[in-house]
Amino acid sequence: MQKNSKGILYALLASVIYGIVPLTSKMIIEDGVISEASMLGWRFLFASLLAMIVVIVKRVPARPTARQFTELFLYGVFGTLMVSLLLTRSYRYIDLGLATVCHFFYPIAVSLIMRLVYKERLSDKGQFAVLMTALALVVLIFSTGLQSLKGMLIAVISGVFWAVYLIAFDKASYAEMDQNAAVCWIMGGNAVLFLLMSVLDGTFIIPGMNRIGLIVLSAGMMVGAMLLTVKAISLCGPTMTAFISLFEPITAVVTDMIVYHAFPGIMQTAGYLMMAVAIILITMKDEEAVHDTE
């Protein structure tokens, strides 16, 4: 009971932080001086350094085995890289709001993969949470407006990559590593790849002092959110963690309301309320399971 409650709390905190991170990203690149690839490279670099400090202070073993290193690159580094690249590519065809909605197919993708590959069964409440999430996505898509099916598909695939990334922290060999060390390797790998990409496409830039602070702040939030997410996965599993992450777009909407005074319409509000219901149902599912075993 206490273990699962902690996992739920960690997942909620992570989703709140993830919901705020896009605001800092927008502030960093909004004037077009620094490219997204360069910004992500620097953010991942500072994030890896912060994670490394945690590893050094805690004196935890950080060297992965050959298998762990391979899977860290395959599911961790490559997985998060594909999420960023696919989401960015989807922006060419659809607006950011619709891309974000389509990306949040990933809780459904997690539940499907866990069912088909690992034979994890959802309770009736869990299945209803999947249905509510699907309905919420449909409502939000129509409220935003149907645009490019190609762009929507690309954003959905980015969600599938994120689903695999989350599941790997529970099922891959590096799940046995110290969480701080695993996150440090993933952040460092992404930093190298994104900075290399910015060099190759001619957009590499050393950010000025007015952006360094925001990048470091963004990096700190990202490390904190990722560590909280990994901890949540270890306590309550990838499926519940993924559905609780639906609180992220709700946080983003509230942030926009506070900062930009941008209020959602009736259909959008209905969609986000459905997501809230899905979060409640998935946590009730766990409570039900606990009581059944007592």
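The structure contained in this document is the topic of the report that follows.

Rules and cut-offs
Residues numbered from 1 in each chain as written. Predicted model: local features only at pLDDT ≥ 70, side-chain atom pairs only at ≥ 80, totals over all residues. Heavy atoms only, no water. Salt bridge = Lys/Arg side-chain N within 4 Å of Asp/Glu carboxyl O. Helix = DSSP H or I, 4+ residues; strand = E, 2+ residues; numbered from the N terminus. Buried < 20%, exposed > 50% of the residue type's maximum accessible area, 1.4 Å probe, protein only. Core = buried A, V, L, I, M, F, W, Y, C linked by side-chain atoms within 4.5 Å. Contact = heavy atoms within 4.5 Å. Phe/Tyr/Trp six-rings, centres within 6.5 Å; stacked < 30°, edge-to-face > 60°.

**With respect to the pattern of salt bridges**
By the definition in use, this model includes 2 salt bridges. Between Arg67 and Glu71 there is a salt bridge, with its nearest N and O atoms 3.2 Å apart. On the criterion of helical spacing, the pair formed by Arg67 and Glu71 is a turn pair, its members being 4 residues apart in helix H3 (residues 66-90). Judged by its relative accessible area of 13%, Glu71 falls in the buried class. Asp170 is paired through a salt bridge with Lys171; the nearest N and O atoms lie 3.6 Å apart. The class for Lys171 is partly exposed, based on a relative accessible area of 39%.

**Re the nonpolar core**
In a soluble, globular protein the nonpolar side chains are often hidden away together inside. With 80 residues, the main nonpolar core has Leu166, Phe169, Tyr174, Met187 and Met275 as its most contacted residues. Looking at this core element by element, the count peaks at 14 residues for helix H9 (residues 209-244). Leaving out residues up to four positions away in the same chain, Leu166 has contacts with Tyr106, Val110, Thr229, Ile233, Pro238 and Ala242.

**Comments concerning the packing of aromatic side chains**
Tallying each qualifying case throughout the model produces 10 aromatic pairs. Ring centres 5.7 Å apart and planes at 90° place the aromatic pair Phe69 and Trp185 in the edge-to-face group. Taken together, the positions of Phe69 in helix H3 and Trp185 in helix H8 (residues 179-200) put the pair 116 residues apart, joining distant regions of the chain. Residue Phe69 is classed as partly exposed on the basis of its relative accessible area, which comes to 43%. For Trp185, a relative accessible area of 36% gives the class partly exposed. Look at Trp162 and Tyr165: their rings are 4.6 Å apart centre to centre, the planes differ by 25°, and that puts the pair in the stacked class. Of the two residues, Trp162 and Tyr165 are both situated in helix H7 (residues 149-171); the distance of 3 residues between them amounts to about one turn of the helix. Both residues of the pair, Trp162 and Tyr165, belong to the buried class. One aromatic cluster in this structure is built from Tyr18, Trp162, Tyr165, Phe169 and Tyr174.

Treat this as a map of the structure, not an account of what it does.
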